[in-house]
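# Residue-level structural notes
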Amino acid sequence: MKDIDYKAMGKRIQEKRKKKNITQERLSEIIDVSPSYISEIERGSSICSLAVLVNIAEILEMNLDNLINGINENNIDTSFSEILKEIPEKRHKLYIDVCKNVAKSFK
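The rules we used
- Residues numbered from 1 in each chain as written.
- Predicted model: local features only at pLDDT ≥ 70, side-chain atom pairs only at ≥ 80, totals over all residues.
- Heavy atoms only, no water.
- Helix = DSSP H or I, 4+ residues; strand = E, 2+ residues; numbered from the N terminus.
- Contact = heavy atoms within 4.5 Å.
- Lys, Arg positive; Asp, Glu negative; His and termini not counted.
- Charge placed at Lys NZ, Arg CZ, Asp CG, Glu CD.
- Buried < 20%, exposed > 50% of the residue type's maximum accessible area, 1.4 Å probe, protein only.
- Arc of directions from axis to C-beta.
- Phe/Tyr/Trp six-rings, centres within 6.5 Å; stacked < 30°, edge-to-face > 60°.

### A closer look at the overall build of the protein chain
- Counting its regular elements, the protein chain contains seven helices and zero strands.
- When its helices and strands are written in sequence order, the protein chain yields α-α-α-α-α-α-α.
- Across the protein chain, every contact between residues at least 6 apart in sequence was considered, and the portion connecting residues at least 24 apart equals 47%.
- Where the 18 positive side-chain charges of the protein chain centre and where its 17 negative ones centre are 8 Å apart.

Below is the structure:
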């Protein structure tokens, strides 16, 4: 059974929350928990329920697998899709071209 790195998961939550300009207080209001609980989750010092995790993922528009495990072989496609969602549609081709060029440089 795989262990969950709660500190890394908390950091991903915090980074995405800040990127979306949502405060801990606002996130806590939306999912009906205390701001201190959000802080504990983000520090990895509290293990939240699946229901809270699903609500956080929904509010932050994150794939649950990516939120819990980070980017890995199993969810890499979803990770790229999430990045693509954050880019204006007119820039999608540029993003794909950049990814292709980076991939070529690794060969």
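### Side note on helix α2 (residues 24–31)
- For α2, the full list of buried residues reads Q24, L27, S28 and I31. Seen from one end, α2 has its buried residues packed into an arc of 100°, which puts them on one side.
- Summarising the contacts, the buried residues of α2 are in contact with α1 (6–19), α3 (35–43) and α4 (50–59).

### Quick word on the packing of aromatic side chains
- For the structure shown, the criterion picks out one aromatic pair.
- Both rings, one in F80 and one in Y95, keep their centres 6.4 Å apart while their planes meet at 55°; by these two values the pair is tilted. Taken together, the residues span a long stretch of sequence, with F80 in helix α6 (residues 76–85) and Y95 in helix α7 (residues 92–105) at a distance of 15 residues.
- The exposure class assigned to F80 is partly exposed, which follows from its relative accessible area of 38%.

The values reported here are purely geometric and, on their own, carry no functional implication.
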